[in-house]
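So the chains spell out like this:
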Amino acid sequence: MAKKGKRPSSRHSKDNSNRQPARLMTKEPKIANQRLGKVSSKQKPSNSDRPLSVVGVGASAGGLEAFEQLLRAVPRDTGLAFVLVQHLAPKHESMLSQLLAKATKMPVIEVTDGRRVEANHVYVIPPDADMSISDGLLHLSPLRADRGFRMPIDWFFRSLASDYQSRAVGVILSGTASDGTLGLQAIKAMGGVTLAQDEESAKYSAMPRSAVAAGNVDFVLAPEGIASELKRIGTHVQLFGSDDKPDAETPITADETLNKIFLVLRNFSRVDFSHYKPGTIKRRISRRMFLQKIDSLEGYLQFLRNHRDEVEALFNDILINVTSFFRDPDCFESLKSIAFPRILGNKPPHVPIRFWVPGCSTGEEAYSLAIALLEFLGDEKTSNFQMQIFATDLSDGIINKARVGIYPESIAMDVNSARLRRFFGKVEGGYQINKNIRDMVVFAKQDLAKDPPFSKLDLISCRNVMIYMAQVLQKKILPLFQFALNPGGILFLGSAETVGGFADLFEPLDKKHKVYAKKSIHGHIALDFMPRFHAEHDHRTPSDGAKSPDLLKVGEQMLLYRYSPASVIVNEHLEIVQFIGQTGPFLDPLPGDASLNLLRMVKTGLHLELRVAFQKAKRNRTVRKDGVLIEHEGTLKTVNFEITPVKDLPDGERYYLLVFEEANRPAIEVSKKDKKKIPEKQIEKKQSSSLDVDTKRLREELEATREYLQSIIEEQRTTNEELRSANEEIQSSNEELQSINEELETAKEELQSTNEELTTVNEELQNRNDELSKVNSDLSNLLSSVNIPIIMLGNDLRIRRFTPMAEKVMNLIPGDIGRPITDIKANVKTPDLKQAVQRVIDSLEIQEFRVEDHDGRWYSMRIRPYRTIDNKIDGVVIVLLDMETRRAHQA
């Protein structure tokens, strides 16, 4: 059994080709209206005729023999319906159904449009149509004009996965190329079972080998082994729940055992699946139990504990991997018309465009965004912008496949020929994304639920990822996206997803195609499911930002000239930048080096109070302090002060306005002796109330000290929060650097591989040069050995080669090679040689006539076309036969 798991990007399968028939679903597989057994009123078979499952079987070269082997081994009463799809010549009548009828007792029918599938029947595709299935009905559509891109197996398998979901079965038999690989991927992603023929029994193994290499196959067996598994599927298919209802009941109900399975998965992958929708998880576990032939959940838990490879297979099964290039083409057109102009409208050329694709799977979505953006920019604007696309997923294996960017030939169903030529290169077995696009995309492993996000993003494409998550996880992820986006950034969701209860964070730009823009909001957004993130928030009230600069100036003038309070403006370092009014009663510069630091200039008694007050003011609030005692001209007097932050400055620096005012209290005289002891001691007063004043002053200083210490503690707490936020940003940057490092490692490996390829090519060219030298030597020796005048001319009548005998007869020398024959004065009289050569080139008929040299010797001149190896005419060959010698030989 194939153990290669396949990572989904949590998305449904979808067929995007323009040739899809009207009856075939063109949207994401809907999780309603697709229950098995839904039939139309026109054809309603009995329950006995209704198939439990539909088995799609694909083959090409060598398929007839494989079909016969399979059908001979399948019982006639499995309850399954079999639909056979083979590459057939469209202009020749097919005898496939008649030939296969001899290999089985089940009825074998060539499909006609609208036929309903029935149990225990075999249906064969006709030669002149493509086939799909919808609501249990088989539909035919005309062949597309470009037969080179026809993928009938992928086409049918995708529709089968959409219609029968977890009850679909896909089988790939003998064939060439890679048709069927993407179809099996869609079936497996919907919970169906996939099988492929082994290489030993397959006449042509390329097609099954491609599906196995992609990790899309559950069983790799001979046709007889496949038949045995199909029989078992017929008896167990009822175990598979439908994906119609994500939380539908399944045979698995033991929540305690299920939690233990979650624990095993978490220990293996560090991913907690307990917040994913239980219906999907249970169906995937039921599928793995069937594949391993285990009947009880407890038995499967024990099997997981003893087999690490099965844990990996279950992990990859749960991560539903179904994606394609340009899924929902109309959505990408919406991005081009609405989202991209909005992103690039105010984007400076030096600032990179940053996209993020969480749940990227094998990379099709990320590369599609890159291609769409390049098409939108055009060749002229592309060089003006730097583009960065971050694509993340849970699986290392899937990330590695996405990074290489090689896809099967069947992507031609989703990528038109123009895009294939421009953005892809042909490689063995498929196509590879061009290196310039691969360089734009950085792939990294990430758990969306717990790892730090990327930041400063212009667009997030998270399509059909959240539909598999429970509400509690969805509610945590959407605020994360809002945090990661730049103002006005774009959120691109899948057709079955919405922003739900977060309409206050995102506004719809295109509801139909799920394109949203980030709203500008005020206040903090709680991101309680992750380490704390801190974004820049604007704490201004609407009225704060609405003030006009002219009104501010008017207010300042009124304050200065009408009231004129003693004030200073200081920066965040408490350096005075402006004096206003009479500040002498409050400021007293100290002796020594000149300084404008506020705390070194204020009167004794203000230092501690101002330090505490400024700690509070730095939290963007106004602080006032009344009743502060200072010494001035030999007396103690009481003053008040108020600190107000200066807001809305264009340079972003922080300033504060400090206003002093005198309190209406009588001054207290102080002796010169006591004055020297301020502030170490409280001044003793001559009045009887000196002790009371001293006690009050000490209490005020003690209270100020407490407030100052409290402010220091709060400042430290704030600093710790900022450091924590900075640490999270560093972690996010570290993730990006790690991803870039991985890209560099991959680039190094690619360079090494390219160097090896160049070495191989160089050796091949050297061998060819040796062969050409040998052939050239052989030709030279052959011509030298021929005792007949022979001349080879090109279409332009220039001499290519001639024999030594031709030198004498035609008066040639080695330097004449490359010269027109008409420039040579030959020893032979050939007055109409040019016309004769042209007639031979035009008519391809041999010309022969007699010519005479200057000595009276006659020759028979034959002119015949010069043919290349690929049968093209590239000149003529002239042969001169001596007639005198011929007569002598005849005599």
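Residues numbered from 1 in each chain as written. Predicted model: local features only at pLDDT ≥ 70, side-chain atom pairs only at ≥ 80, totals over all residues. Heavy atoms only, no water.

Observations regarding the overall build of the protein
So, step 1. Each helix and strand in the protein was counted, giving 24 helices and 31 strands.
So, step 2. A burial count over the protein gives 49% of its 891 residues as buried.
So, step 3. Put simply, of all contacts in the protein between residues at least 6 apart along the chain, 68% involve residues at least 24 apart.
So, step 4. Of the roughly 44200 Å² of accessible surface on the protein, a fraction of 50% belongs to carbon and sulfur atoms. (Helix = DSSP H or I, 4+ residues; strand = E, 2+ residues; numbered from the N terminus. Buried < 20%, exposed > 50% of the residue type's maximum accessible area, 1.4 Å probe, protein only. Contact = heavy atoms within 4.5 Å. Areas by Shrake-Rupley, 256 points an atom, 1.4 Å probe, with all protein chains shown as cover.)

Description of a nonpolar patch on the surface
So, step 1. On the surface, Leu64, Met95 and Leu99 cluster together to form a nonpolar patch covering roughly 230 Å² of accessible area.
So, step 2. The topology assignment puts Leu64 in helix H1 (residues 63-73).
So, step 3. Of the residues examined, Leu64 reaches a relative accessible area of 31% and is grouped as partly exposed. (Patch = residues over 30% accessible without salt bridge, like charges linked within 9 Å, V, L, I, M, F, W, Y side chains within 5 Å. Salt bridge = Lys/Arg side-chain N within 4 Å of Asp/Glu carboxyl O.)

Side note on the sheet that holds strand S27 (residues 790-793)
So, step 1. The strand order across the open sheet formed by 5 strands is S28-S27-S31-S30-S29, and the pairing between neighbours is antiparallel. Two strands close off the open sheet at either side, each with one partner strand: strand S28 (799-802) and strand S29 (847-852). For this sheet the average axis-to-axis angle between neighbouring strands, irrespective of direction, equals 25°.
So, step 2. Looking at chain direction, strand S30 (residues 858-867) and strand S31 (residues 873-882) are connected through 8 bridges and run antiparallel. If you follow Arg862 over to S31, its bridge partner there is Val879.
So, step 3. Strand contacts of helix H23 (residues 833-843): S27, S29, S30 and S31, with the helix running at about 40° to S30, the strand carrying the most contacts.
So, step 4. This element, helix H24 (residues 883-890), spans S29, S30 and S31 of the sheet and lies at about 55° to S31. (Pairing = 2+ DSSP bridges. Axes fitted to C-alpha atoms, helices over the stretch in contact; angles between N-to-C directions.)

Overview of the pattern of salt bridges
So, step 1. On inspection of all chains with the given rule, the structure shows 33 salt bridges.
So, step 2. A salt bridge links Arg209 to Glu199, with the nearest nitrogen and oxygen atoms 3.8 Å apart. With Arg209 in helix H5 (residues 206-213) and Glu199 in the loop between strand S9 (193-197) and H5, this residue pair connects regions lying 10 residues apart in the sequence.
So, step 3. On the accessibility criterion, Arg209 (39% relative accessible area) is partly exposed.
So, step 4. Relative accessible area serves as the criterion here: at 44%, Glu199 is assigned to the partly exposed category.
So, step 5. Note that Lys347 is salt-bridged to Asp458, the shortest N-O span being 2.9 Å. Placement of the pair is Lys347 in the loop between helix H11 (329-345) and strand S11 (353-358) and Asp458 in strand S17 (residues 457-462), with a sequence separation of 111 residues.
So, step 6. Linked by salt bridges that have partners in common, Lys188, Asp218, Arg287, Arg288, Glu310 and Asp317 make up one network.

A short note on the packing of aromatic side chains
So, step 1. The tally for this structure, following the rule as stated, stands at 17 aromatic pairs.
So, step 2. Look at Phe326 and Phe332: their rings are 5.3 Å apart centre to centre, the planes differ by 65°, and that puts the pair in the edge-to-face class.
So, step 3. Phe332 gets classed as buried once you look at its relative accessible area, which sits at 2%.
So, step 4. Centroid distance Phe332 to Phe492: 6.1 Å. Interplanar angle 85°. Geometry classified as edge-to-face. (Phe/Tyr/Trp six-rings, centres within 6.5 Å; stacked < 30°, edge-to-face > 60°.)

Observations concerning the packing of H1 against helix H6 (residues 223-236)
So, step 1. Contact pair H1 / H6: the axes reach a minimum separation of 8 Å and the direction vectors enclose 40°. On the basis of their axis angle, the class for H1 and H6 is oblique. For the element pair H1 and H6, the recorded crossing hand is right-handed. For the pair H1 and H6, contact is made by Ala66, Gln69, Leu70 and Ala73 and by Pro223, Glu224, Ile226, Ala227 and Leu230, respectively.
So, step 2. Across the contact of H1 with H6, the residue classes break down as 7 nonpolar, 1 polar and 1 charged. (Parallel < 35°, antiparallel > 145°, perpendicular 65-115°, else oblique. Left-handed = near helix turned anticlockwise from the far one by under 90°. Nonpolar A, V, L, I, M, F, W, Y, C, P; charged D, E, K, R; others polar.)

Comments concerning helix H4 (residues 181-189)
So, step 1. Counting buried residues in H4 gives 9 out of 9 residues, a clear majority hidden from the surface.
So, step 2. Within the span of H4, buried status applies to Thr181, Leu182, Gly183, Leu184, Gln185, Ala186, Ile187, Lys188 and Ala189.
So, step 3. Downstream of H4 by a residue or two, Gly191 has a phi angle that is positive, lying close to 95°.

Re the sheet that holds S11
So, step 1. Pairing is mixed across the open sheet formed by 7 strands, whose spatial order is S16-S12-S11-S17-S18-S20-S19. Looking at strand neighbours, the two that pair on one side only are strand S16 (441-445) and strand S19 (506-510), the edges of this open sheet. Sheet twist, expressed as the mean angle between neighbouring strand axes with direction ignored, is 20°.
So, step 2. Pairing between strand S18 (residues 485-493) and strand S20 (residues 515-518): 3 bridges, direction antiparallel. Of the residues in S20, the one forming a bridge with Ile490 is Ala517.
So, step 3. Each of S11, S17, S18, S19 and S20 touches helix H16 (residues 471-484); the most contacted strand, S18, lies at about 135° to it.

Points about the environment of Asp853
So, step 1. Turning to its location among the elements, Asp853 is positioned in the loop between S29 and S30.
So, step 2. Exposure remark for Asp853: the relative accessible area of 8% places this residue in the buried category.
So, step 3. Separated by 23 residues in the primary sequence, Asp853 and Thr830 have C-alpha atoms spaced 9.1 Å apart.
So, step 4. Those residues within four positions of Asp853 in sequence are excluded, and the remaining contacts are Asn827, Val828, Lys829 and Tyr859.
So, step 5. A polar side-chain atom of Asp853 sits 3.0 Å from the main-chain amide nitrogen of Gly856.
So, step 6. For Asp853, the side chain forms a polar contact with the main-chain nitrogen of Arg857, separated by 2.6 Å. (Polar contact = N/O pair within 3.5 Å; in protein donor to acceptor, adjacent residues only side chain to side chain.)

Quick word on the packing of helix H7 (residues 255-269) against helix H8 (residues 278-291)
So, step 1. Relative orientation of the contacting elements H7 and H8 amounts to 80°, with a least axis distance of 12 Å. Compared by their axis directions, H7 and H8 come out roughly perpendicular. Along the contact surface, H7 presents Asp255, Leu258, Ile261 and Phe262, while H8 presents Ile281, Lys282 and Ile285.

Regarding the pairing of strand S1 (residues 53-59)
So, step 1. For S1, the tally of buried residues reaches 7 of 7 residues, placing the bulk of the element in the interior.
So, step 2. Alternating positions in S1 separate into two faces, Ser53, Val55, Val57 and Ala59 on one and Val54, Gly56 and Gly58 on the other, with burial throughout.
So, step 3. In this structure, S1 lies alongside strand S2 (residues 80-86), joined through 7 bridges in parallel fashion. By the bridge assignment, Ala59 is partnered in S2 with Gln86.
So, step 4. Tracing the backbone out of S1, into H1 and back to the parallel element S2 gives a crossover that is right-handed.
So, step 5. Bridge analysis of S1 against strand S8 (residues 168-172) gives 5 bridges, and the strand direction is parallel. From the neighbouring strand, Gly56 faces S8, where its bridge partner is Gly170. (Right-handed = clockwise from strand over helix to strand, strands pointing away.)

Some remarks on unusual backbone geometry
So, step 1. Of note, Leu574 is a non-glycine position whose phi angle comes to about 65°, a positive value.
So, step 2. Within the secondary structure, Leu574 is located in the loop between strand S21 (566-571) and strand S22 (576-580).
So, step 3. Exposure remark for Leu574: the relative accessible area of 12% places this residue in the buried category.
So, step 4. Of note in this structure, Leu844 is not a glycine but carries a positive phi near 60°.
So, step 5. Examined against the element boundaries, Leu844 turns out to sit in the loop between H23 and S29.

Re the confidence of the model for the protein
As a general rule, the predicted coordinates of low-pLDDT regions are not to be interpreted in detail.
So, step 1. Across the protein, the average pLDDT comes to 79, with 81% of residues at or above 70.
So, step 2. Residue range residues 528-549 is modelled with pLDDT below 50. Its contacts to residues more than four positions away, or to other chains, number 35 contacts. (pLDDT = per-residue confidence, 0-100.)

Structural notes on the pairing of S29
So, step 1. Two strands pair when backbone bridges link them, and S29 and S30 are joined in this way by 6 bridges, in the antiparallel orientation. In the sheet register, Arg850 faces S30, and the bridge partner there is Ser860.
So, step 2. Two successive antiparallel strands, S29 and S30, enclose a turn made up of 5 residues, where Gly856 displays a positive phi of approximately 85°.

Here we look at the environment of Pro75
So, step 1. For Pro75, the position within the fold is in the loop between H1 and S2.
So, step 2. Owing to a relative accessible area of 25%, Pro75 belongs among the partly exposed residues under this scheme.
So, step 3. Pro75 sits 153 residues away from Ser228 along the chain, and the two C-alpha atoms are 9.1 Å apart.
So, step 4. With residues near it in sequence (within four places) discarded, Pro75 still touches Met106 and Lys231.

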